[in-house]
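Survey of secondary and tertiary structure
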Amino acid sequence: MTVRRSVQREDLSFSTALTAAMATAARAPSSHNSQPWGLAYVVSDLARRRAAALCGDNLSQPDLPGVRVDIDAEFLLLAADRARELAALPAHHAEMQLSCGLYWRLLQRALAAEGWIVRTEVVSADLGVLGLPADWRPLRLARLERAGTPTETRTQLRDLAAARHTDRGPYLDKPIPVGVADTLARRSSQTSQRIDIRFLTSEDDRSRFVRFVARHAGRDFAHPAAWRETHSFIRRSETEARERGDGFSLEHLFGPLSATAMLLRRIALAPITMRLLRPTGFPRILAAQLAALVRQSPAVLLLSLPEAAVGDDELVAAGQLLTDFWLLATDMGLVLHPISVVIQHDDLHARLCAEFGLAGLVFFVARLGYSAHHCPPSPRRSPAASLRTL
Ligand SMILES: Cc1cc2nc3c(=O)[nH]c(=O)nc-3n(C[C@H](O)[C@H](O)[C@H](O)COP(=O)(O)O)c2cc1C
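Residues numbered from 1 in each chain as written. Predicted model: local features only at pLDDT ≥ 70, side-chain atom pairs only at ≥ 80, totals over all residues.

1. Some words on the domain arrangement of the protein
What the domain assignment lists for the protein is domain 1 (12-158) and domain 2 (165-369). The distance between the C-alpha centroids of domain 1 and domain 2 comes to 28 Å. Across the contact, 25 residues belong to domain 1 and 26 residues belong to domain 2. Looking at the side of domain 1 that touches domain 2, the elements with two or more residues in it are helix 3 (92-113) and strand 4 (136-146). (Domains from an automatic or database assignment. Contact = placed C-beta atoms within 7 Å. Helix = DSSP H or I, 4+ residues; strand = E, 2+ residues; numbered from the N terminus.)

This is how it looks when you write it as structure tokens:
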């Protein structure tokens, strides 16, 4: 689908750029592949005047009819789509803001590659005046203008976004050179100095993390509401995953499986089976399998913010940094596998901080390494499915 703006003022150049950028941004990762973002393209005259006022244009003429909108300005709004958000655990709220930030940053980089850059970005309690769908919670409004030469090309970024993926398989027995880790931390933190980027690479740190996962990761499967919600994102087949355009298939989670192995996993993971097997220690067996994968990983990544109480805006910004990190890691031949269970429950988060001397809010934990196999791309909704015009 091509994005077309209303007849009042159609800028084909921006519409074309937005269509291409959305296709790249759709590859952004999100918790459970829930894709909880909404994107609004501000097109009507009234909405554009309101957006311009919110962005601080023509502040000397605060009465709205007097607000003149620069003919070359374009406005986009990022929202969290409540209808698509995970909600089983309080920690999912942070994961949703992160996911929206991941998408927003990739979209902005893709638009920049098309020659459009963000000049002003606002976070305001008043963004609702733009008239959003009932389920949308506005997060950011951006004012874009044409820029000079793009810093990266459209095809480079598109290919990088397509190559980035979550790799849940075993990693090569190959350490990550210190210089590579330093470059990753330095270059991806250019947008925010507030985020602490830690790598666990020593034998001792990694062994302690492996034990932590083995001891605690069963919580994922032992929490009935959280597991029911996770299970609702597991699709029965690749075809169903493609048709729904979200969630994951068993192959995405476990790699290629025979028909029998697939059937057994489907039965084992069903919430009813999980409830029956819970008292037998089944969640601990699954945790031990995850710990075995972590043991084979050359590094564990921990991202944190200095304060424990963090607002939505800061989490969106953290998601933006994570996009830069993950894409750069991909470009350097590395893969990631988030392990969120260790930070999704307050008591586990506190223990993890105590164990590794961390303070504030750890918002992302992943193993990091070099892939040992090929992963199929996970499904996505149509890029235009998250778009509304205002
Ligand atoms: C904030 C966040 C948390 C995630 N947590 C987990 C996790 O705990 N376990 C996991 O296997 N994948 C996790 N993922 C990866 C997503 O499931 C993955 O991004 C999504 O399924 C899309 O797949 P892709 O990354 O291969 O494109 C997480 C992703 C994000 C953005």
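2. Re helix 6 (residues 203-216)
An α-helical turn contains 3.6 residues, so any two residues separated by three or four positions project in the same direction. Relative to the 20 Å expected for 14 residues at 1.5 Å per residue, helix 6 spans 20 Å between its end C-alpha atoms, a close match to the ideal helical length. Every buried residue belonging to helix 6 is among Phe209, Val210, Phe212 and Val213, and all of these are buried. Buried residues in helix 6, looked at end-on, bunch into an arc of 160°, giving them a common side. Opposite the packed face of helix 6, turned more than 90 degrees from it, sit the exposed residues Glu203 and Asp204. (Expected span 1.5 Å × (residues − 1). Buried ≥ 20, exposed ≤ 12 C-beta atoms within 10 Å, placed from the backbone. Arc of directions from axis to C-beta.)

3. A short note on the packing of helix 5 (residues 178-188) against helix 14 (residues 312-331)
Interaxial distance between helix 5 and helix 14 falls to 9 Å at its minimum, and their mutual angle equals 145°. In the packing of helix 5 onto helix 14, the handedness of the crossing is right-handed. In contact with Leu184, Arg187 and Ser188 of helix 5, helix 14 contributes Leu321, Asp324, Phe325, Leu328 and Ala329. Residues of the contact of helix 5 with helix 14, tallied by class, amount to five nonpolar, one polar and two charged. (Axes fitted to C-alpha atoms, helices over the stretch in contact; angles between N-to-C directions. Left-handed = near helix turned anticlockwise from the far one by under 90°. Nonpolar A, V, L, I, M, F, W, Y, C, P; charged D, E, K, R; others polar.)

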